[in-house]
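Single-letter residue listing:
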Amino acid sequence: MSYALEIEQLYKTYDNGFTALQGISLAVQEGDFFALLGPNGAGKSTTLGVVSSLVNKSQGQVRVFGYDLDIDLSAAKQLMGIVPQEFNFNMFERVIDIVVQQAGYYGIPKVEAKQRATELLKQLGLWDQHKQAARTLSGGMKRRLMIARALVHRPKLLILDEPTAGVDIELRRSMWAFLEQINAQCTTIILTTHYLEEAESLCRNIAIIDHGKIVENTSMQSLLRQLNTETFILDLAEELHKLPESSDYRAHLLNPQQLQVTINRQQNLNKVFEDLSDMGVQVTSMRNKTNRLEELFIDLVQNNQTEITGA
Amino acid sequence: MSITEIYIAWMTIVRKEIKRFMRIWVQTLIPPSITMVLYFVIFGNLIGERIGPMGGFDYMQFVVPGLIMMAVITNSYGNVVSSFYSTKYQGNIEEMLVSPTPNWVILAGYITGGVARGLAVGLIVTTLSLFFTHLSIHNFAIIVMVVLMTSILFSLGGFINAIYANSFDDISIIPTFVLTPLTYLGGVFYSIDLLPDFWSTVSQANPILYMVNAFRYGILGVSDISVAWAFAVIGFFIVVLFAYSMHLLNTGKGIRK
């Protein structure tokens, strides 16, 4: 099995003494769509920073398609495209120049770089703005510009650090479609995100990092199987002012006509309907709450927190 | 990276740098030209006539080579320090750092940008000086070599300053408190033969004295110091600053966490 990224026992302690990574090990298969999740300050960006060589590691090994960063850094860099969390292009330069320049840093001749930049800007819906200064773009456009810039040298591994932060839902979904498309063309993708729904719908494998340690590293399917509870949202015919009380499920009102109910996966919903029926409340419709991963994520991080504090 | 790819990466940085200072030419090319014209008018014409000859030439002819060098020095330094610091400040230094472009190519690209601006301003100032005096060429090769080497040296200085700078204030401290005094005391306006022995000896510790005098020799054929010794001093400082810049880049000082 070939790996796009292999990290072994990675440690990072910053100059101020803060240890961001405490022996992280993980492997991402070639062609995978991989999510790296974790709360703020968990070590996600530091991990990606070390991989992209923007952060000097304290200890450990990183290999990109078999190229050790300590030995073949140039070869490894040639295969990676990086989309950082913060906008880091020159705001005064034109959109097309930013992408063409990036190609130049990879040794791509100008004529070819212009062709590639044109192609990418059209695919990402930025062609109409290609002569504009980057500072005039909206937040979503700036995010797409960073993706275009990262792809101009046709990397085999694309690393995205919160690529859809601050992007509206419609645009986010179009970016998902674009990322799925390039993943289908054999580009391995690693992303960090705060939108757990994003990880759930895009990624096949996942690692959860907290306090500089990997607390879970598995396939998305097996992770979701660990989920013991399931949450439903019930739409009610009339307003409800008193919650049904039961030890079989947890209920709370999202608004007077919407009830959220969480039950164990082994149990059925009959009891909920009985209780509501006894209260004279009619249920007009029902759906699963989509971001099941969020619950699991919180459970895992809380468990890790408990272990750290020894509580 | 292959040689061709390295050349493309280097040219990308050079083109970006030249485009940058040309885009803001009102800030980069015009102010030094106006400043130098004022020097020519005040020190050359108005005060110079009362000072009389210096080093066997009238004062205007004596002072022009020094003023041209002053423009080259401040602009080479200023270009790299402001451009590289802005790149660092905006974060777009990361565009180069994540790419396979070797560190020495990044450094060479910025130095070339600094040299390009130094030469551009030097040419403008030289052209303007012709409205005030006649300039002969004693040794063209020395003129070219000294200007290039001086420009490279101060581009390197600007690069190191930018690496250490943590704020926009930090990029003006060295030019204000080190570069300007050294330039003024580097024999731009006077021959060190006029100084008492002690101060003449002290002046020889100022590297700018060697650049100004070597350049003056290329134009007028007179110098306070040996031209060969001047080249050796400039070459020595270039090697030292280049090695130090590479060390800073390789360790990631100020640019990698």
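Residues numbered from 1 in each chain as written. Chains lettered and ligands numbered in written order. Predicted model: local features only at pLDDT ≥ 70, side-chain atom pairs only at ≥ 80, totals over all residues.

Visitor: Could you clarify how one ought to interpret the overall build of chain B in this entry?
Guide: Each helix and strand in chain B was counted, giving eleven helices and zero strands. Counting from the amino terminus, helix and strand elements in chain B follow one another as α-α-α-α-α-α-α-α-α-α-α. Taking 18 Å as the expected radius of gyration for a compact globule of 257 residues, we find that chain B reaches 19 Å, a close match to that expectation. Each of the three principal axes of chain B carries a C-alpha extent, and together these read 60 × 35 × 35 Å. Out of the 257 residues in chain B, the part that is buried amounts to 46%. (Helix = DSSP H or I, 4+ residues; strand = E, 2+ residues; numbered from the N terminus. Rg over C-alpha atoms; globule rule 2.2 N^0.38 Å. Buried ≥ 20, exposed ≤ 12 C-beta atoms within 10 Å, placed from the backbone.)

Visitor: Would you mind going over the pairing of strand β12 (residues 249-255) of chain A with me for this structure?
Guide: Taken residue by residue, a regular strand's side chains alternate between the two faces of the sheet. Residues and elements named next belong to chain A. As paired elements, β12 and strand β13 (residues 258-264) share six bridges and run antiparallel to each other. Looking at the pairing, N255 lines up with Q258 of β13. Between β12 and β13, which pair antiparallel one after the other, the connecting turn spans two residues. (Pairing = 2+ DSSP bridges.)

Visitor: Quick question: what am I supposed to make of the nonpolar core here?
Guide: It is characteristic of soluble globular proteins that their nonpolar side chains tend to be buried jointly. Formed by 138 residues in total, the largest nonpolar core has its most connected members in V99 and I159 of chain A together with L67 and M211 of chain B. Of all the elements, helix α4 (residues 59-90) of chain B adds the most residues to this core, at 16 residues. In this structure, L67 of chain B is in contact with M36, Y39, V125 and V188 of chain B, ignoring residues within four places of it in sequence. Judged by nonpolar contacts, the second largest core, of six residues, contains L234, L259, I263 and V272 of chain A. (Core = buried A, V, L, I, M, F, W, Y, C linked by C-beta atoms within 7 Å. Contact = placed C-beta atoms within 7 Å.)

Visitor: Is there a simple way to think about unusual backbone geometry in this case?
Guide: Most of the time, phi is negative for any residue but glycine, and the peptide bond is trans. All names here are of chain A. Within the chain, S53 stands out as a residue other than glycine whose phi angle is a positive 70 degrees. Mapped onto the elements, S53 comes out in the loop between α1 (44-51) and β4 (59-64). Unusually for a residue other than glycine, E162 sits at a positive phi of about 50 degrees. Examined against the element boundaries, E162 turns out to sit in the loop between β7 (157-161) and α6 (169-184). For E162, a count of 20 C-beta atoms within 10 Å corresponds to the buried category.

Visitor: Looking at this structure, how should I read the interface of chain B and chain A?
Guide: How big an interface is tends to be reported as the loss of accessible area on association of its parts. Opposite the 22 residues of chain B that make contact, chain A presents 25 residues. Broken down by secondary-structure element, the contributors of at least two residues to the side of chain B that touches chain A are α1 (3-23) and α5 (93-97) of chain B. Sort the elements by how many residues they give to the side of chain B that touches chain A and α1 of chain B lands first, with seven residues. Looking at the side of chain B that touches chain A residue by residue, the classes come out as eight nonpolar, eight polar and six charged. (Nonpolar A, V, L, I, M, F, W, Y, C, P; charged D, E, K, R; others polar.)

Visitor: Hey, could you run me through helix α4 (residues 110-123) of chain A in this one?
Guide: Note on helix geometry: an α-helix contains 3.6 residues per turn, so any two residues three or four positions apart are oriented the same way. Residues and elements named next belong to chain A. With 14 residues, α4 should cover 20 Å at 1.5 Å per step; its first-to-last C-alpha distance of 20 Å lies within 8% of that length. For α4, the full list of buried residues reads A113, R116, A117, L120 and L121. Angular distribution of buried residues about the axis of α4 spans 130 degrees; they occupy a single face of the element. Set apart from the buried face of α4 by more than 90 degrees, the exposed residues are V111 and E112. Lining the buried residues of α4 we find α3 (95-105) and α5 (139-151). (Expected span 1.5 Å × (residues − 1). Arc of directions from axis to C-beta.)

Visitor: How should the packing of helix α7 (residues 140-164) of chain B against helix α11 (residues 227-251) of chain B be read in this particular structure?
Guide: Axis angle and axis distance: for two packed helices, these are the angle between their axes and the distance between the axes, and together they describe the pair. Residues and elements named next belong to chain B. Orientation of α7 relative to α11, taken along the N-to-C sense of each, is 30 degrees, at an axis distance of 9 Å. Of the possible angle classes, the one that applies to α7 and α11 is roughly parallel. Judged by the twist between their axes, the crossing of α7 over α11 is left-handed. Residues I142, M149, T150, I152, L153, L156, G157, F159, I160 and I163 of α7 pack against V227, I234, G235, F237, I238, L241, F242, Y244, S245 and L248 of α11. (Axes fitted to C-alpha atoms, helices over the stretch in contact; angles between N-to-C directions. Parallel < 35°, antiparallel > 145°, perpendicular 65-115°, else oblique. Left-handed = near helix turned anticlockwise from the far one by under 90°.)

Visitor: Hey, could you run me through the sheet that holds β12 of chain A in this one?
Guide: Where strands meet in a sheet, backbone hydrogen bonds hold them as pairs that are either parallel or antiparallel. All names here are of chain A. Here four strands make up an open sheet; going across it, the order is β12-β13-β11-β14 and the pairing antiparallel. Every interior strand has two partners, whereas the edge strands, β12 and β14 (283-288), have only one. Strand-to-strand, the axes of this sheet are offset by a mean angle of 25 degrees, without reference to chain direction. Pairing analysis gives five bridges linking strand β11 (residues 229-236) to β14, with the strands arranged antiparallel. For I233, the partnering residue across the bridge sits in β14 and is R287.

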